[in-house]
Amino acid sequence: AMFESLSKRLEGIFSNLSGQGKLTEDDVNAALREVRIALIEADVNLKVARQFVERVKQKAIGADVMGSLSPAQQVLSIVNEELIEVLGGTDDKNKLDLSGAPPNVIMLVGLQGAGKTTTAAKLANYLRKQGSRPLMVAADMYRPAAVKQLQTLGKQLTVPVYSEPMGANPVDICANSIAYAREQACNVVILDTAGRLNIDERMMNEIITIRNRIQPREVLLVADAMTGQEAVRVAQDFNQAVSLTGMILTKMDGDARGGAALSIRSVTGVPVKFMTVGEKMDALEPFYPDRLASRILGMGDVLSLIERAQETIDQEEAMKAQAKLQQGKFDLEDFLSAMRQLKRMGPLRQVMEMLPGMNKLMDMPEMEEALEGDQLKYVEAIILSMTRDERRNPDIINGSRRRRIARGSGTGVEEVNQLLKQFAEMRTMIRQVSSGKGPWAQMARQFGG
Ligand code: GDP
């Protein structure tokens, strides 16, 4: 995943540092030198990396890190602050502005292949969930399939799409779409404008003409985070030509090193407002620098996880589960339901990466296998082959029952054993959390659980 190798490098640097107890200035300098190298290896712009380390150094000197109780933690906290800063800080500039008179127009621009058309649909989906009534406008007349693609996505999401026949003028299409939005009582208009393989003058001129004529509330560049510093250059060019109000970084689920995300704001001064993290229509998230920073530092992104859980988890089911947990009960039926809920939250790997401390776990080959293989299918098959009594009271599952369950589910005794072991571990964890004792309870408290 993105930031994975940077994250590992930084974790290594800081665990070294905290192993040292008292720190000298030389220790801190040496660690920061390594941080700079790690950033550059993550494809962060050279100047941004240098300034980053310089600011951390200044703050560390100011904070008198050397004299403090836990010097390494203090350095880590300064690095965290600076990461947040370099990703865009925490002010309202990072948020989408829809405060104009409706319909508010969001104009998407970007190179072909960056993900503009799919992002238009994801954004419409996101805004509708927030209570808006979006209209999508197919104004990319250069890529022949783009209009059709947007119409298909619109149908799938039941979001209206405004289009005109091939050969129509994109500027007119956009202008006409505003009147159509008023007619249809849509309060947000998303323009999917022309993309080209490379920046060329005709494309820029068309974008500028549309912008001048429509005066959109937002002009957002859709940029492919996988292309690293190339995305930063593209952003600079677009910003000079059309004055962007924001950016959307796509393909943040890919395994690029993360340099684009860490440089693009500092280099261009334009805030990143959203990122996309997959091909599914719900794979768009607001860009939160603070959450990303803690993810990069291996502190997990518990907030995003909770938010996603709230969106996907069936409230009624969750309440039932919670009531049972409070009584200290947790059986295999609950386990199956929990696994199904987890699955609904997205690829298991992505969910796991948001949990604190998971980076190290993810390296284990067993983990790899569990996440890549279709684990849930086995879990379902095995649990569904049990009798009701066995599910409610797993302790009765002895050797002969295990063999029967393995046969019934088309798996092996090995798999059944493993599942029961997993279940036992989860039950221990849950009992600790609900009784407030033990290491899992401690971890839950630490993260406000
Ligand atoms: P456009 O030419 O800019 O309109 O690009 P498209 O919207 O057609 O997207 C190009 C390709 O990138 C498609 O295959 C998308 O599914 C894919 N894509 C877009 N966003 C993401 C993302 O966040 N993650 C992944 N993995 N793929 C994406």
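Residues numbered from 1 in each chain as written. Predicted model: local features only at pLDDT ≥ 70, side-chain atom pairs only at ≥ 80, totals over all residues.

Q: Kindly report on the UniProt feature "domain: AAA+ ATPase" (unreviewed entry) in the chain, identifying the contributing residues and their values.
A: Here, the residues flagged by UniProt with the feature "domain: AAA+ ATPase" (unreviewed entry) are residues 102-233. The span residues 102-233 shows a helical share of 46% and a strand share of 20%, and its end C-alpha atoms are spaced 33 Å apart. (UniProt positions renumbered as here; feature names shortened; annotations may be inferred. Helix = DSSP H or I, 4+ residues; strand = E, 2+ residues; numbered from the N terminus.)

Q: I'd like to hear about the sheet that holds strand E6 (residues 246-250), residue by residue, with values.
A: In a beta sheet, neighbouring strands are held together by backbone hydrogen bonds and run either parallel or antiparallel to one another. Spatially, 8 strands are ordered E3-E2-E4-E1-E5-E6-E7-E8 in an open sheet, and the strand pairing comes out mixed. Single-partner strands in this sheet number two, and they are strand E3 (161-162) and strand E8 (284-286). One ladder, built from 4 bridges, connects strand E1 (residues 104-109) with strand E5 (residues 218-224); its direction is parallel. Paired with Val109 across the bridge in E5 is Leu221. Where helix H5 (residues 116-129) meets the sheet, its contacts fall on E1, strand E2 (134-139), strand E4 (188-193), E5, E6, strand E7 (272-276) and E8, and the angle it forms with E4 comes to roughly 170 degrees. This element, helix H8 (residues 201-214), spans E1, E4 and E5 of the sheet and lies at about 175 degrees to E1. (Pairing = 2+ DSSP bridges. Contact = placed C-beta atoms within 7 Å. Axes fitted to C-alpha atoms, helices over the stretch in contact; angles between N-to-C directions.)

Q: Kindly report on the pairing of E7, identifying the contributing residues and their values.
A: Burial analysis of E7 places 5 of its 5 residues in the buried class, which makes it a mostly covered element. Pairing between E6 and E7: 3 bridges, direction parallel. Looking at E7, one finds that Met247 is bridged to Val272. Both E7 and E8 contribute to a ladder of 3 bridges, which runs antiparallel. When the bridges of E8 are listed, Phe274 appears paired with Pro286. (Buried ≥ 20, exposed ≤ 12 C-beta atoms within 10 Å, placed from the backbone.)

Q: So what's going on with the pairing of E1? Which residues, and what values?
A: For E1, the buried fraction is high: 6 of the 6 residues fall into the buried class. The alternating pattern of E1 places Asn104, Ile106 and Leu108 and Val105, Met107 and Val109 on opposite faces, both of which are buried.

Q: Residue-level account of the confidence of the model for the chain, with values.
A: Here the chain averages 85 in pLDDT, and 80% of its residues register 70 or above. Both scores are available for the predicted complex, with the pTM at 0.75 and the ipTM at 0.99. (pLDDT = per-residue confidence, 0-100.)

Q: I'd like to hear about the environment of Glu425, residue by residue, with values.
A: Relative to the elements of secondary structure, Glu425 occurs in helix H21 (residues 413-435). Residue classification places Glu425 among the exposed positions, given that 11 C-beta atoms sit within 10 Å. Each C-alpha atom, one on Glu425 and one on Thr24, is 42 Å from the other, the two residues being 401 residues apart in sequence.

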